[in-house]
Amino acid sequence: MKCLLIASESAEVLFHWSDREYRQSIQEKYGVSSNSLFQLPAFEDILSTLFAPIIISCSTLEDSYTSFTTENNHIYVLHQFDECLYIAVNGDGEEKEDDLRRKLYVLKKMVEVMFGMVTLSGNLLRKELRPQDTEQRARLWKYLQSLLDTYSLLRENDQSFLVEAVERLIHPQLCELCIEFLERRLVQQLNSSVERAGEEVLHAFVLVHTKLLAFYSSRNASILTPSDLLALIVMAQNMYPSNVDLDDMSPEDADSTSGSGPETFYTPEPSPSSRSSSSSEKAGRGETPVFEFVDPEIQMAEDSLHTLEINPPDPASPRRVFLEVLHKDGLYPMMPHSMYCLSLWPGITLVLLTKISSSALAISVYKYLEDFDKLEKRLHEGHGGPASARSPLNMQDIRSKMDKFIKSLEPHDLQYAQLQNVWAEFKSRAFSRAGSGFNKDLIPWCKNMKTQLCGIYRQCFLTDSLSADVTHRLSAGLQERAQAMVREKLVDWKDFLLVKSKRNITMVSYLEDFPGLVHFICVDRATGQMIAPSLSIAERTTSELGKGPVANYIKNKVWALVRTTRRYLQKGYSTVTLRDGDFYFCYFLWFENETGYKLQPVDIPVLADDSPPIGMLAYDYYSRLLKYYSKNHKGENVKCYELLTVHLGVIPTEIILQHCRQLASKLWEPSRNPLL
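Source: prediction; values computed, not measured. Think of each chain on its own: its residues are numbered from 1, step by step along the sequence as written. Two thresholds apply to this predicted model, a pLDDT of at least 70 for residue-level local features and 80 or more for giving and counting side-chain atom pairs, whereas whole-chain, interface and lining totals are computed over all residues. Water and hydrogen atoms were dropped before computing side-chain values, which therefore reflect all heavy atoms in the structure.

Student: Quick rundown of the sheet that holds strand E1 (residues 2–7)? Include the residues and the values.
Tutor: A sheet is described by the order of its strands in space; here 5 strands give the open sequence E2-E1-E5-E4-E3, paired in antiparallel fashion. Unpaired on one side and paired on the other, strand E2 (13–18) and strand E3 (67–69) mark the two borders of the sheet. Sheet twist, expressed as the mean angle between neighbouring strand axes with direction ignored, is 10°. Strand pairing is defined by DSSP finding a minimum of two bridges between the two strands. Starting at the N terminus, helices and strands are each numbered in turn, a helix being any DSSP run of H or I of at least four residues and a strand any DSSP run of E of at least two. Alignment of E1 against E2, held across 5 bridges, turns out to be antiparallel. Within the sheet, the bridge partner assigned to Leu-5 lies in E2 and is His-16. Packed on one face of the sheet, helix H4 (residues 97–115) meets E1, E2, E3, strand E4 (75–81) and strand E5 (84–90) and runs near 35° to E4. Axis definition: a line fitted to C-alpha atoms, over the contacting stretch in the case of helices. Angles run 0 to 180 degrees between N-to-C directions. The contact definition used throughout considers only heavy atoms, calling two residues in contact when any of these lie within 4.5 Å.

Student: Residues and numbers for the sheet that holds strand E10 (residues 330–345), please.
Tutor: The strand order E8-E7-E11-E10-E9 describes an open sheet built from 5 strands, whose pairing is antiparallel. What marks the edges here is a single partner per strand, and that holds for strand E8 (211–217) and strand E9 (319–327). Each strand of the sheet is rotated relative to its neighbour by a mean of 30°, with strand direction disregarded. The pairing of E10 with strand E11 (residues 348–355) spans 8 bridges and is antiparallel. What sits directly across from His-337, in E11, is Lys-355. Against the sheet, helix H13 (residues 359–380) contacts E9, E10 and E11, and its axis sits at roughly 145° relative to E10.

Student: Explain the packing of H4 against helix H6 (residues 134–157) to me, using residue names and the numbers behind them.
Tutor: One way to put it is that H4 packs onto H6 with a least axis distance of 11 Å and a crossing angle of 130°. Taken together, the axes of H4 and H6 lie oblique to each other. The element H4 and its partner H6 pack so that their crossing is right-handed. For the pair H4 and H6, the contacting residues are Asp-99, Arg-102, Val-106, Leu-107, Met-110, Val-111, Met-114 and Phe-115 in the first and Leu-140, Tyr-143, Leu-144, Leu-147, Leu-148, Tyr-151 and Arg-155 in the second. Put simply, Ala, Val, Leu, Ile, Met, Phe, Trp, Tyr, Cys and Pro go in the nonpolar bin, Asp, Glu, Lys and Arg in the charged bin, and everything else, Gly too, in the polar bin. When grouped by side-chain class, the residues that make up the contact of H4 with H6 number 12 nonpolar, no polar and 3 charged. Note that the term roughly parallel is reserved for angles under 35 degrees, roughly antiparallel for angles over 145, roughly perpendicular for angles of 65 to 115, and oblique for everything else. Crossing chirality is assigned from the near helix's rotation relative to the far helix, an anticlockwise turn below a right angle marking it left-handed and a clockwise turn marking it right-handed.

Student: Any chance you could break down the environment of Pro-613 for me, citing the residues and the numbers?
Tutor: Mapped onto the secondary structure, Pro-613 falls in the loop between strand E15 (583–592) and helix H21 (621–630). Under the scheme applied here, a residue whose accessible area is under 20% of the maximum for its type counts as buried, over 50% as exposed, and between as partly exposed, the area being computed with a 1.4 Å probe on protein chains only. Taking the relative accessible area as the measure of exposure, Pro-613 reaches 9% and is therefore buried. Filtering out sequence-adjacent residues up to four positions away, Pro-613 remains in contact with Arg-101, Arg-102, Tyr-105 and Tyr-619.

Student: How would you sum up unusual backbone geometry? Please name residues and give values.
Tutor: At Ala-11, a residue that is not glycine, the phi angle is positive and equals roughly 70°. Mapped onto the fold, Ala-11 is located in the loop between E1 and E2. At Asn-73, a position not held by glycine, the phi torsion is positive, near 65°. The topology assignment puts Asn-73 in the loop between E3 and E4.

Student: Please set out the confidence of the model for the protein residue by residue, giving values where relevant.
Tutor: Chain-level pLDDT for the protein is 83 on average; 81% of the residues reach the 70-or-more range. On a scale of 0 to 100, pLDDT captures the predictor's confidence in every residue. Taken element by element, the predicted model of the protein shows its lowest mean pLDDT in helix H11 (residues 274–284) (41) and its highest in helix H9 (residues 226–239) (97). With pLDDT under 50 throughout, residues 245–312 is counted as low confidence; its partners more than four residues away or in other chains account for 74 contacts. Residue range residues 385–391 is modelled with pLDDT below 50. Its contacts to residues more than four positions away, or to other chains, number 8 contacts.

Student: I'd like a rundown of the state of the cysteines, residues and numbers included.
Tutor: For the purposes of this analysis, a disulfide is any pair of cysteine sulfur atoms at a distance within 2.5 Å. Within the structure shown, the criterion is met by 0 disulfides. We note that Cys-178 lacks a disulfide partner, and the nearest cysteine sulfur, in Cys-175, lies 6.9 Å from it. Judged by its relative accessible area of 5%, Cys-178 is buried.

Student: Please provide a residue-by-residue account of the pattern of salt bridges, values included.
Tutor: Any carboxyl oxygen of Asp or Glu that lies within 4 Å of a side-chain nitrogen of Lys or Arg is treated as forming a salt bridge with it. Counting across every chain of the model gives 30 salt bridges. The salt bridge partner of Arg-525 is Glu-642, with a shortest N-O separation of 2.7 Å. Residue Arg-525 is located in the loop between strand E12 (517–524) and strand E13 (529–531), and its partner Glu-642 is located in strand E16 (residues 639–648); the two are separated by 117 residues in the primary sequence. Glu-642 shares its class with Arg-525; the two are buried. Salt bridges sharing common partners tie together Glu-12, Glu-44, Arg-126, Arg-130 and Arg-137.

Student: I'd like a rundown of the packing of helix H14 (residues 395–408) against helix H15 (residues 414–430), residues and numbers included.
Tutor: For the pair H14 and H15, interaxial distance at closest approach is 11 Å and the crossing angle is 155°. With respect to their mutual orientation, H14 and H15 come out roughly antiparallel. At the point where H14 passes H15, the crossing takes the left-handed sense. Of the residues in H15, those touching H14 at Met-395, Arg-399, Met-402, Asp-403, Phe-405 and Ile-406 are Tyr-416, Leu-419, Gln-420, Trp-423, Phe-426 and Lys-427. Split into classes, the residues belonging to the contact of H14 with H15 amount to 8 nonpolar, 1 polar and 3 charged.

Student: Can you lay out the packing of aromatic side chains for me, pointing to particular residues and giving the numbers?
Tutor: What counts as a ring pair is set by centres within 6.5 Å for rings of Phe, Tyr and Trp (its six-membered ring), and what kind of pair is set by the plane angle: stacked under 30 degrees, edge-to-face over 60, tilted for all other angles. This structure, assessed with the given rule, holds 24 aromatic pairs. Their ring planes at 90° and their centres at 5.5 Å tell us that Tyr-65 and Phe-68 sit as a pair that is edge-to-face. For Phe-68, a relative accessible area of 25% corresponds to the partly exposed category. Ring centres of Tyr-332 and Tyr-366 lie 5.7 Å apart, and the angle between their planes is 80°; this geometry places the pair in the edge-to-face category. Of this pair, Tyr-332 sits in strand E10 while Tyr-366 sits in helix H13, placing them 34 residues apart in sequence. In terms of burial, Tyr-332 and Tyr-366 fall into one category: buried. In this analysis the charged atom, NZ for Lys or CZ for Arg, is taken to sit over a ring once it is within 6 Å of the ring centre and within 35 degrees of the ring normal. Between the NZ or CZ atom of Arg-319 and the centre of the ring of Tyr-143, over which it lies, the distance is 3.8 Å. Of note, Arg-399 hangs over the ring of Phe-431, and the distance from its end group to the ring centre comes to 4.7 Å.

Quick look at the structure:
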């Protein structure tokens, strides 16, 4: 019984997601019929009424609460992001406070990737999240809900999303071959084509399910952060979901991919038809199969929802995404890109990220937003004065640059006129002799300027992009040629890759050196990449962990270990060892320099219980931890590693610790994984 909600300060529902059990409980509580319940406005009104006391109390109390549990053991977690309140609810006991808080931050991350700097203005974000057109709103909410469903599915079943790090396919020769192909043929041809309509391909990568086969960035590109890459993988999986049937391979098929090399291939059964794959996808996402008994009223209500479904967008149409960019003069979050997600075969996807022609405007907008934000903070602190002498901001310089910036915009736009009027009033109050100067009376006008700048950003990269995408994008023919080129290169490897993605590395190659080792996960937090043996829990699959129930038992133990270690890490512990029944668990976090020399441990900061979740997707805890540690190691390239191991409990403790030391040094040997 779960629910997620975004609400404004006036208790208006800007977005919601809920499962069937929660909707049914609402029906029973308010005594409304299912048909009226699932009509979009009616359900929103009920949620608004239900959550209004919570929302109002959070907006009025100075020291508001961040979580609470009701008498019926429903857990509520709340977080205020700017002007919007995010609420997560769980009533079935499957999720704890940490899980709900993580979901809120992931939802915030997805909203930022979708809307960029518009999220900095509550009024503009309300217009984007809650369009007046009911069909448009239903389409937008359905897409955002499906992203949350995809993320939840990946987090429950994929180790890379459990620890929030990217997993690469371990096949050095093929990876090198693909990277070279992306660099010398694909990206070069795309960027030299006249059909690219001013866009430049910055990043190109190939995914096999959720695993990264090859990644190439052009010389002009910034580094793609692990947080953004994980978010893009969620979006790619949402567009082309993995076929869960591939998990059900035979033992012989599994053995053929356990490291014997590219000479051995497995040919899977023919891919299911679109109808059957669609039904399996729905079943995998928790929707009720047609043969299962469903309450007639609920089924009728869900059928009424299907009438609001809009046909999926054209695959050739890019999706506007907003990602972090590192330039020579600083870090710029939420910069606009176009994302092209091209399916090569079921389970294998080519993703292209392009720089759009007007992206320089986004950098200017961000710089001015920073300037006005800094000025607003100084005015709040009581600094300033008529000449603003104590302010580190050169307001005369900002004034000159802002004048030039406004002149460079399209003068016929309504948003342009609004920005021009607000800027004229700001100058009159701040710089003229008759004005009030730089004091607290200028704070509302700083806020107004930030809103207008976000409005220009919205006009250029969200509103106008809907109509301009047809002309300002890679042509459909160019996309088809890119698709065909990569297909031709990988056609002989296709079946091998699909099975390899399910059996990337196995415990077989480690058991001889580490007897008693059941499972491990090793993560390089500097690069956001991880290595772990595959965990297959399919009933018909036999692996070193046994068949379905046994493997599922180990999987649940691993998932529980990660949650436990995060709680200890939050309290400042970088080493954890514990015994649980027949197993012995170890967790280590340590730092090294670029030569592999282990650095001295330090006291890790202790975090509050309601602090952002530890991870890399929604909130990059580890980049902040690296900055904290690097303060005492200036000039060194500091790296951070994590190792989680599961041993049989009968193995002596000293042997387990020896295994951990040897395993940590072995996993990142260049000879074993040269591309990691």
